[in-house]
Amino acid sequence: MYLELIAVLKELANDGNVVVAAVTGAGDFFTSGNDLSNFTIGDDPIPVKAEKGRVLLTEFIGAFIDFPKPLIGLVNGPAVGIGVTTLALYDTVYASDTATFHTPFTTLGQSAEGCSSLLFPRIMGYSKAFEMLAFNRKMTAKEALDASFISAIFPQSSFRKETMERVRAYAKLPRNSLMIAKKLVRGVERDLLHKVNKAETDHLEERWQSDECLNAIAQFFSRKSKL
């Protein structure tokens, strides 16, 4: 999924016919988080898996940081993990009233990603951000709106229709003017975002090799096998 989305973002960035881009989920969920089975499959030793994971995640988040056109998140349902953290790198986010936002990093012995360690406190304040990133608190759509994490909530029954009407309206705006607007708003901190991304993925490489993380993942699959 990471490589596919990196390629799509690069293609959209270079397509002169694309004015804005929107991302939504398939089915009832926006994202279900990272596939933890990646830590248990393959013959590579854990340090090699961790290094490869760091390189891929750094590139993946970098593709969002560098995307030059307006990026709109359409959160059609529950979002978990990286699907939540990367929302802070979008330019506007709309959510269904069924959406929730969950970043259970410390439950799994992991740490923040997607520049969330910088952007979450800036958007919603330190206390709420720490609740999400460290204490694994799940946020409802209403709470996310109150925290300025999203721009608007729509009923699930009309979510696709209403949000796509907005996306189509934005797509009629002048492309270069929109790109300049994004560059002025976000461009001044692009270097900082890349530095934060590197720091976060460096920590994650260490976390993925830690006993805390490996034991948490083993317990996760043990619970699943008993269901």
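A brief structural summary. Treat the numbers as computed from the prediction; the structure is a model and nothing was measured.

How each quantity is defined
Residues numbered from 1 in each chain as written. Predicted model: local features only at pLDDT ≥ 70, side-chain atom pairs only at ≥ 80, totals over all residues. Heavy atoms only, no water. Buried < 20%, exposed > 50% of the residue type's maximum accessible area, 1.4 Å probe, protein only. Helix = DSSP H or I, 4+ residues; strand = E, 2+ residues; numbered from the N terminus. Pairing = 2+ DSSP bridges. Expected span 1.5 Å × (residues − 1). Contact = heavy atoms within 4.5 Å. Core = buried A, V, L, I, M, F, W, Y, C linked by side-chain atoms within 4.5 Å. Axes fitted to C-alpha atoms, helices over the stretch in contact; angles between N-to-C directions. Patch = residues over 30% accessible without salt bridge, like charges linked within 9 Å, V, L, I, M, F, W, Y side chains within 5 Å. Areas by Shrake-Rupley, 256 points an atom, 1.4 Å probe, with all protein chains shown as cover. Salt bridge = Lys/Arg side-chain N within 4 Å of Asp/Glu carboxyl O.

Before going further, it helps to examine the pairing of strand β1 (residues 21-24). Of the two faces of β1, only one is covered, namely that formed by A21 and V23; the face formed by A22 and T24 stays uncovered. In this structure, β1 lies alongside strand β2 (residues 71-75), joined through four bridges in parallel fashion. Considered in β2, the bridge of T24 is made with L74.

In this model helix α2 (residues 46-66) runs 30 Å from its N-terminal to its C-terminal C-alpha over 21 residues, within 8% of the 30 Å that 1.5 Å per residue would give. Those residues of α2 not exposed but buried are K49, A50, R54, L57, F60, I61, G62, A63, F64 and I65. Buried residues along α2 sit in contact with α1 (2-14), β2, α3 (82-85) and α9 (190-208).

Within the largest apolar cluster, 48 residues are counted, with the highest numbers of intra-cluster contacts made by V75, F101, F120 and F149. Among the elements that make up this core, the one with the highest residue count is α2 (seven residues). What V75 contacts, discounting residues up to four positions off in sequence, is F30, L87, V93, Y94, A95, S96, A99, F101 and F159. Among the nonpolar cores identified, the runner-up in size contains ten residues, and V19, V20, I72 and Y94 belong to it.

Taken together, the four strands give an open sheet; going across it, the order is β1-β2-β4-β7, and neighbouring strands pair in parallel fashion. A single partner strand is all that each edge strand has here, and the edge strands are β1 and β7 (152-154). Strand-to-strand twist in this sheet, taken as the mean axis angle between neighbours without regard to direction, amounts to 20°. Taken together, the three bridges between strand β4 (residues 92-96) and β7 define a ladder with parallel strand orientation. Bridge pairing links S96 to F154 in β7. In the packing of helix α7 (residues 159-170) onto the sheet, the strands contacted are β1, β2, β4 and β7, and the crossing angle to β2 comes to about 175°.

Nonpolar side chains collect at one region of the surface, where Y126, F130 and F135 lie side by side and expose about 380 Å² of accessible area between them. With respect to the element layout, Y126 can be found in helix α5 (residues 126-133). We classify Y126 as exposed; its relative accessible area is 59%.

Remember, this is a structural readout, not a statement about activity or role.
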